[in-house]
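Read off the chains here:
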Amino acid sequence: MKALLLAALAAFAGIAGAAPFADPTRPPNAPAEAATQPDATPAGPRLESVLIAPDRRIAVISGQQVKLGGKFGEGRVVRITETEVAIREGGATQVLRLLPEAQRRTKGQRPEKAKVAK
């Protein structure tokens, strides 16, 4: 009897370990297949985090901590706000946004409805 119970528990553990669980950090309206595609991330540097304190401003860009005025790649960080970082390289300025898919709206403007695939 004990052997049968142990075999049943081992089989259940194997099934439970292989169960596909949803990502708890994925927004409820995001398509499930987008989270599994490895090429869904944008190319180039990615702004991951921003720390703004009275005495310092730090951004995490592609895993690297950079202070305001610090170098990132061949450019220099010239602005850090709550939502974006500006990097100047030569005469060009690249702006990285913390949430690039978010769109700013003016008062009274309605968001575009997301198209749902059927």
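Check the entry above for the structure.
Predicted model, so just to flag it, every value in this text is computed and none were measured.

Rules used in this analysis
- Residues numbered from 1 in each chain as written.
- Predicted model: local features only at pLDDT ≥ 70, side-chain atom pairs only at ≥ 80, totals over all residues.
- Heavy atoms only, no water.
- Helix = DSSP H or I, 4+ residues; strand = E, 2+ residues; numbered from the N terminus.
- Areas by Shrake-Rupley, 256 points an atom, 1.4 Å probe, with all protein chains shown as cover.
- Pairing = 2+ DSSP bridges.
- Axes fitted to C-alpha atoms, helices over the stretch in contact; angles between N-to-C directions.
- Buried < 20%, exposed > 50% of the residue type's maximum accessible area, 1.4 Å probe, protein only.
- Salt bridge = Lys/Arg side-chain N within 4 Å of Asp/Glu carboxyl O.

Student: Explain the overall build of the protein to me, using residue names and the numbers behind them.
Tutor: Helix and strand content of the protein: 2 helices and 7 strands. The order of α-helices and β-strands along the protein, N terminus first, is α-α-β-β-β-β-β-β-β. Accessible area of the protein: about 10200 Å², with a carbon and sulfur share of 57%.

Student: Just give me the short version of the sheet that holds strand β1 (residues 47-53), but keep the residues and values in it.
Tutor: In space, the 3 strands of this open sheet follow the order β1-β2-β3, with antiparallel pairing throughout. Looking at the sheet topology across the chains shown, the edges are occupied by β1 and β3 (64-67). If you compare each strand with its neighbour and ignore which way they point, the axes differ by 20 degrees on average. Relative to β3, strand β2 (residues 56-61) runs antiparallel, the two being bridged by 4 bridges. From the neighbouring strand, Val-60 faces β3, where its bridge partner is Gln-65.

Student: If you had to explain unusual backbone geometry to someone new, which residues and values would you point to?
Tutor: Phi is positive for Ser-62, close to 50 degrees, though the residue is something other than glycine. Assignment of secondary structure puts Ser-62 in the loop between β2 and β3. For Ser-62, a relative accessible area of 41% translates into the label partly exposed.

Student: An account of the pattern of salt bridges is needed here, citing residue identities and associated values.
Tutor: Opposite charge on two side chains allows them to pair when their charged atoms are near. Enumeration over the complete set of coordinates arrives at 4 salt bridges. For Arg-46, the salt bridge identified is with Glu-48, shortest N-O distance 3.0 Å. You can call Arg-46 partly exposed: its relative accessible area is 42%. On the accessibility criterion, Glu-48 (35% relative accessible area) is partly exposed. Its salt-bridge partner being Arg-79, residue Glu-84 comes within 3.1 Å of it at the nearest N-O pair. Beyond isolated ion pairs, a larger network of salt bridges with shared partners links Arg-79, Glu-84 and Arg-97.

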